[in-house]
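Survey of secondary and tertiary structure
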Amino acid sequence: MFDLPLPVPPTTRQTGFTPSFPSAVADHSLPFALTMAARAPAAMMSGQARPKVLGRFATLAEAMRGAIDYAEQLAPDNALQILAILDRDERLVLAGAATDGAVAWRHPVANAAEARAVVTEASQLRAQSLRAADWREADLAQRLRHRADLFEARLVDPLWRSFAARALQIAA
């Protein structure tokens with residue numbers, strides 16, 4: 001799974017993302033998809049929000065490299081974006097925050113108890129963000145929602161937890 005990709009010259013696409021393999025986005029047979037949350041208000045309110053697929057990759061290492069390539073395309077003044085790597089069954093493999101040429105991967109939870117604690121903390125942050133919005137503190141509400149998203153980025157599917165943790169150790 002950690003095979004190094006052959007060097008392929010990057011190509012630009014409409015999104016500005018330069019994948020390691022230009023044809024990777026169209027190939028749905030590849031097991032890993034690099035995604036970012038779709039923030040269209042109508043889709044979010046209807047419950048139909050689907051993540052935007054930025055690229056598809058054969059290995060987790062390639063997907064992680066694709067995330068770094070995407071982060072390098074971000075302007076320095078862009079807001080922090082949460083990227084997620086999903087497997088072909090749309091299970092969370094790894095997630096992190098991308099900004100200004102780097103990705104800060106979130107270490108996955110180790111067990112169910114830790115997952116429950118993360119869900120509890122994220123829920124509390126979201127409740128605080130609602131109160132902040134009621135107080136007309138939009139910036140604070142947004143920061144609290146973002147912190148909740150960062151907590152939830154640790155909720156890697158149990159199938160992938162140890163593998164993702166090991167991938168982060170190797171990448172470090």
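Residues numbered from 1 in each chain as written. Predicted model: local features only at pLDDT ≥ 70, side-chain atom pairs only at ≥ 80, totals over all residues. Heavy atoms only, no water.

1. Examining unusual backbone geometry
- Phi is positive for E90, close to 60°, though the residue is something other than glycine.
- Examined against the element boundaries, E90 turns out to sit in the loop between strand 3 (81-86) and strand 4 (92-99).
- Look at E90 and you get partly exposed, because its relative accessible area is 48%. (Helix = DSSP H or I, 4+ residues; strand = E, 2+ residues; numbered from the N terminus. Buried < 20%, exposed > 50% of the residue type's maximum accessible area, 1.4 Å probe, protein only.)

2. Quick notes on the nonpolar core
- Counting residues in hydrophobic clusters, the biggest one holds 29 residues, and the most contacted among them are M64, L83, I85, L94 and W105.
- Elements supplying a minimum of two residues to this core: strand 1 (32-36), strand 2 (52-57), helix 2 (60-73), strand 3, strand 4, strand 5 (102-105) and helix 5 (161-171).
- Ranked by the residues each element gives to this core, the list is headed by helix 2, at six residues.
- Discounting chain neighbours no more than four positions away, the residues touching W105 are M64, A67, I85, L94, A95, G96 and L168. (Core = buried A, V, L, I, M, F, W, Y, C linked by side-chain atoms within 4.5 Å. Contact = heavy atoms within 4.5 Å.)

3. So, the environment of I82
- The topology assignment puts I82 in strand 3.
- It is 6.0 Å that separates the C-alpha atoms of I82 and A98, two residues lying 16 residues apart in sequence.
- If we skip the residues at most four places from it in the chain, I82 touches T35, M36, A37, G96, A97, H146, D149 and L150.

4. Describing the environment of L144
- With respect to the secondary-structure elements, L144 resides in helix 4 (residues 138-152).
- When residues no more than four places from it in sequence are discounted, the contact partners of L144 are L125, Q128, S129 and A132.

5. Topic: the confidence of the model for the chain
- In this model, the chain carries an average pLDDT of 82, and 79% of its residues clear a pLDDT of 70 or more.
- Of all secondary-structure elements in the chain, the lowest mean pLDDT belongs to helix 1 (residues 41-46), at 57, while helix 3 (residues 112-134) reaches the highest, 95. (pLDDT = per-residue confidence, 0-100.)

6. Concerning helix 5
- Within helix 5, the full set of buried residues consists of R161, A164, A165, A167 and L168. Down the axis, helix 5 shows its buried residues gathered within 160° of arc, on one side only. In helix 5, the exposed positions that point more than 90 degrees away from the buried face belong to S162 and Q169.
- On its buried side, helix 5 packs onto helix 2, strand 4, strand 5 and helix 3. (Arc of directions from axis to C-beta.)

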